[in-house]
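Structural description and commentary
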Amino acid sequence: MASMSGPGPVLGAPTRALRGCRVVTTSLTARVLLANQLGALSEVDWTVVSGDGYDDPPDGVDVEVVPIRREFALSDLASFLRLRRYFSSRRFDFVQTHTPKASFLGLPAARLAGLPAIYTIHGALYFAGNGKKANVLGWCFERWCCSWATRVLVQSRQDAQALPEAHVCPATKVTYVGNGIVLDRFLSPTVPALSSSEPVVMMVGRLVREKGCADFLALAASLADRARFVHVGPFEHDQHDALTADDLAAAAGTVEFIGAVEDVRPYLASAALVVLPSYREGIPRVAMEASAMGIAVVAYDIRGVREVIDPHLGLLVPRGDRVALGALVESLLKDPEGRAQLGSSSRQWVVTRFSEDRVVERLRRAYTTLAEEPV
């Protein structure tokens, strides 16, 4: 980044590598979303600041733990002050934030420490179809973060258009980088983790209502005699909309809860159909991963999801319409050949659009551009 006395280094210049810092609320984000990028962008000297312990970072990546709670709390002030002190002491060339709380605290901390700050929007809290109250809060949140950011990177093309139109962020700050997966991992044959005489209908995601988990449990209850229903993903004890232990106990007869897994591929390989009834997404990776493996994904028709799932395939239903969701899943369970064809079409759609190699190249260009700009 440029210093106050003159222009700074350019990515790839022989003087020295850029020193970049990624800030995340939980180490899970770094493991799942960032690990490949950190390795692929090895020309940057990376540090990850995590809100909890991160014991297995990629080779060459430094880690600093600054406790950050996912929900707003009085401890946020202490977290903010620690972040600002840390940024002031390290003098990174740029700080890049991910996830809402890390961005809410990390962006002003970086700017007040005199550093360029990149805000990565995985899925804006303000979006069409959201409730009025939620969108007022979402607009204020995104406006706060965008106001502090030097550059705003978005994963959804809809966000790239909607945020400037809603006066959340000037278009001149916004850069589309998209999202993607390491395709080779999901195109290779994988041994299924589950054996079943019935078709497996699977959901992968955190056990919170925003992800549509309650809708999935209701779906399972209505079609329990047609398929085996399996949920893969962590229980979120610290989230206000987390499913309760009573919710899970009530569903235990119709849904098998696997919990968090290190490698989702063997479980996806077990699925006849994947369901994504999420109420808010950025660009959902599980839809890319399942589609790349040739598995059809049924989902609510929302921002981001309709970019990953070809809208012409008929796999999307209106947000929150449990009846339509159940009818579509039931029809696909009756039609194995149709499911296979939809899975093949989904694979082609994702493979041609969502390689993480493209995301890495867009990030590389964004860092190069930012390196040439004044702070």
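Let me begin by describing the structure that accompanies this report. (Residues numbered from 1 in each chain as written. Predicted model: local features only at pLDDT ≥ 70, side-chain atom pairs only at ≥ 80, totals over all residues. Heavy atoms only, no water.)

Things to note about the overall build of the chain
Using the following cut-off: By the criteria applied, helices consist of DSSP H or I runs no shorter than four residues and strands consist of E runs no shorter than two, each listed in order from the N terminus. The globule rule used for comparison is 2.2 Å times the number of residues to the exponent 0.38, while the radius of gyration itself is calculated over C-alpha atoms. Each residue is assigned to one of three classes by its accessible area relative to the maximum for its type, calculated with a 1.4 Å probe on protein chains only: buried under 20%, partly exposed between the two thresholds, exposed over 50%. Calculation of accessible area relied on Shrake-Rupley with a 1.4 Å probe; when residues are assessed, cover is drawn exclusively from the protein chains displayed. We treat Lys and Arg as the positive residues and Asp and Glu as the negative residues; His and chain ends play no part in the count. By convention, the point assigned to a charge is CZ for Arg, NZ for Lys, CD for Glu and CG for Asp.
Within the chain, the secondary structure is distributed over 14 helices and 13 strands. On C-alpha atoms alone, the chain measures out to a radius of gyration of 21 Å, which is about the 21 Å that the 2.2 N^0.38 rule sets for 375 residues. Its C-alpha atoms give the chain principal-axis dimensions of roughly 70 × 40 × 40 Å. Buried positions account for 53% of the 375 residues belonging to the chain. Summed over its atoms, the accessible surface of the chain is roughly 16,200 Å², and 54% of this surface lies on carbon and sulfur atoms. When the 40 basic and 41 acidic side-chain charges of the chain are each reduced to a single mean position, those positions are 6 Å apart.

Section: the side chain of T29
Short version of the rule: Any two residues whose heavy atoms approach within 4.5 Å are treated as being in contact.
Within the element layout of this structure, T29 appears in helix α1 (residues 27-40). Overall, T29 belongs to the buried group, its relative accessible area being 11%. Other than its neighbours up to four places away in sequence, T29 contacts V24, L34, H98 and T99.

Looking at helix α5 (residues 157-165)
Basically, it comes down to this: Polar contacts, as counted here, are pairs of nitrogen or oxygen atoms within 3.5 Å of one another; within protein the pair requires one atom able to donate a hydrogen and one able to accept it, and residues that are adjacent in sequence qualify only if both atoms are side-chain atoms.
Two or three places before Q158, at the opening of α5, S156 has a side-chain oxygen 3.1 Å from that residue's backbone nitrogen. Downstream of α5 by one or two residues, H167 has phi in the positive range, about 60 degrees.

Notes on the nonpolar core
The line we're drawing: We call a set of buried residues a nonpolar core when its members are Ala, Val, Leu, Ile, Met, Phe, Trp, Tyr or Cys and they connect through side-chain atoms within 4.5 Å of each other.
One finds M202, F216, F229 and L268 to be the most contacted residues of the largest nonpolar core, which totals 62 residues. Not counting the four nearest positions on each side in its chain, F216 is found in contact with V201, M202, M203, F229, V230, H231, V255, V275 and P277. Listed in part, the 33 residues of the second largest apolar core include A110, A113, F141 and L163.

Here's the deal with the sheet that holds strand β8 (residues 200-204)
Worth spelling out the cut-off: Pairing between strands requires that DSSP locate at least two bridges from one strand to the other.
Strand order in the open sheet formed by six strands is β10-β9-β8-β11-β12-β13, with parallel pairing between adjacent strands. A strand with exactly one partner marks an edge of an open sheet, and here the two such strands are β10 (255-259) and β13 (316-317). In this structure, strand β11 (residues 273-276) lies alongside strand β12 (residues 297-300), joined through three bridges in parallel fashion. Across the sheet, residue V274 finds its bridge partner in β12, namely V297.

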